[in-house]
Amino acid sequence: MTDVPILLLAAGQSSRMRGRDKLMEPVQGAPLLRVMAQRACAAGLGPVIVALPPAPHPRYDALEGLPVTPVAVPDAAEGLSASLKRALAAVPEGARAAMVLLADLPDLSEDDIRAVAQATDQNTETLIWRGATSGGKPGHPVIFARPLFPELAALSGDSGAQAVIRHHADRVMLVPLPGRHALNDLDTPEDWAAWRAAQRPDG
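Since we're looking at a predicted model, the values are computed, not measured. (Residues numbered from 1 in each chain as written. Predicted model: local features only at pLDDT ≥ 70, side-chain atom pairs only at ≥ 80, totals over all residues. Heavy atoms only, no water.)

Chemist: Give me the overall build of the chain: which residues, what numbers.
Modeler: Summing up its helical and strand segments, the chain has seven helices and nine strands in all. Considering the chain as a whole, with its 203 residues, one finds that 49% of them fall into the buried category. Of the contacts made within the chain by residues no fewer than 6 positions apart, 71% connect residues no fewer than 24 positions apart. Just so you have it, the chain exposes about 9300 Å², and 52% of that area is on carbon and sulfur atoms. Each charge class in the chain was averaged separately, 19 positive and 23 negative side chains, and the resulting centres sit 3 Å apart. (Helix = DSSP H or I, 4+ residues; strand = E, 2+ residues; numbered from the N terminus. Buried < 20%, exposed > 50% of the residue type's maximum accessible area, 1.4 Å probe, protein only. Contact = heavy atoms within 4.5 Å. Areas by Shrake-Rupley, 256 points an atom, 1.4 Å probe, with all protein chains shown as cover. Lys, Arg positive; Asp, Glu negative; His and termini not counted. Charge placed at Lys NZ, Arg CZ, Asp CG, Glu CD.)

Chemist: So what's going on with the environment of K137? Which residues, and what values?
Modeler: You can see K137 is positioned in the loop between β7 (128-132) and β8 (138-145). Note: C-alpha distance between K137 and M17 (120 residues apart in sequence) is 25 Å. Apart from the residues within four sequence positions on either side, K137 is in contact with G131, A132 and L183.

Chemist: Now, about the nonpolar core: what can you tell me, with residues and values included?
Modeler: In terms of nonpolar packing, the biggest core is built from 70 residues, with L7, L33, V50, M99, F144 and L152 touching the most fellow members. Contacts of V50, omitting those with residues within four sequence positions, involve L8, A10, L33, L63, V68, T69, P70 and V71. (Core = buried A, V, L, I, M, F, W, Y, C linked by side-chain atoms within 4.5 Å.)

Chemist: Break down the packing of aromatic side chains for me, with residues and values.
Modeler: A complete count under the given rule lists one aromatic pair for this structure. Centroid distance W192 to W195: 5.8 Å. Interplanar angle 80 degrees. Geometry classified as edge-to-face. In this pair, W192 and W195 are both assigned in helix α7 (residues 189-199), three residues apart and thus about one turn of the helix distant. For the pair W192 and W195, a shared accessibility class is recorded, and that class is buried. (Phe/Tyr/Trp six-rings, centres within 6.5 Å; stacked < 30°, edge-to-face > 60°.)

Put into structure tokens, the structure is as follows:
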């Protein structure tokens with residue numbers, strides 16, 4: 001599994017947070033972005049490549065000291081595909097696959113990340129391995145085999161890799177993860193308030 005780089009997509013504008021940066025919100029005493037990058041590194045899969053807004057930006061400070069490769073995305077406003085393509089371009093040539101990981105999934109653990117990666121050894125016909133909820137609803141992270149890299153590099157807009165996933169729907173393996181770990185992204189202040197309330201013992 002050590003040849004599966006992780007593309008941590010963190011160049012978005014947090015446009016629904018009304019002036020706050022969701023990736024800088026504190027989780028376990030650190031910015032969410034740092035926590036997610038630490039989990040990605042701890043999973044031990046391969047290099048962690050982080051797509052970021054152009055510097056200077058506070059998100060770079062959040063990653064200080066971590067063994068990650070930052071990649072600036074000057075065209076991030078064009079949508080999620082811009083971040084994906086910039087990060088993909090930094091993937092080492094020998095990688096047999098790459099994992100796409102969103103940075104706003106605070107319940108996703110290093111064990112979850114590792115579980116999706118371990119599934120790549122189970123079926124040689126599969127091209128895409130995708131984390132899912134415990135009930136089987138598709139989510140993140142998503143691993144793409146190298147033969148799909150050209151399709152990913154040709155994407156545009158804000159739908160990310162959904163078009164590639166749909167095109168190869170018959171070669172997707174879902175990997176169930178605990179609860180809603182694979183889907184619980186926090187995009188608004190209300191999302192954050194509800195999530196924090198649920199973390200409290202009396203929540």
